[in-house]
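Understanding the architecture of this molecule
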Amino acid sequence: EIYKFMVQIATSLGLAKCDFIKEHLMDQAKGKDLAREVVRYDEAEIHNIAAVVGGVASQEAVKLITGQYVPFDDTYVYNGIASTAGVYRF
């Protein structure tokens, strides 16, 4: 079952102690809903989102390698539905 596999991965990576993981994955009812969503999107085509995020990541790598410009020092979030992006400090 996918839910058990997801819990096993989270536990082996030491993420089971994280509050977010405890609340959403370790709670069996919420975790099974989450697992259903993961399986439902199994064959989703996200190539356009992968292209955008890959392009941003490569641009940031070039910034780091060349030492020109200032790379992101925060979290980059891309919303594929609205085609918007932002950098957030957590």
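Notes on the structure in this doc start here. From a predicted model like this one, the values you see are computed outputs, not experimental measurements.

The next point concerns the side chain of Lys-63. As for its placement among the helices and strands, Lys-63 is situated in helix H4 (residues 47-66). For Lys-63, a relative accessible area of 16% corresponds to the buried category. For Lys-63, the side chain forms a polar contact with the side chain of Glu-60, separated by 3.0 Å. Excluding residues that lie within four positions of it along the chain, Lys-63 makes contacts with Gln-68, Tyr-69, Val-70 and Pro-71.

Looking now at a nonpolar patch on the surface. A cluster of nonpolar residues, Ile-2, Leu-34, Val-38 and Val-39, forms a patch on the protein surface that exposes about 300 Å² of accessible area. A per-element tally of the nonpolar patch places helix H3 (residues 28-40) first, with 3 residues. For Val-39, the position within the fold is in helix H3. Take Val-39: its relative accessible area is 44%, and that puts it in the partly exposed class.

Definitions and limits used
Residues numbered from 1 in each chain as written. Predicted model: local features only at pLDDT ≥ 70, side-chain atom pairs only at ≥ 80, totals over all residues. Heavy atoms only, no water. Helix = DSSP H or I, 4+ residues; strand = E, 2+ residues; numbered from the N terminus. Buried < 20%, exposed > 50% of the residue type's maximum accessible area, 1.4 Å probe, protein only. Polar contact = N/O pair within 3.5 Å; in protein donor to acceptor, adjacent residues only side chain to side chain. Contact = heavy atoms within 4.5 Å. Patch = residues over 30% accessible without salt bridge, like charges linked within 9 Å, V, L, I, M, F, W, Y side chains within 5 Å. Areas by Shrake-Rupley, 256 points an atom, 1.4 Å probe, with all protein chains shown as cover. Salt bridge = Lys/Arg side-chain N within 4 Å of Asp/Glu carboxyl O.

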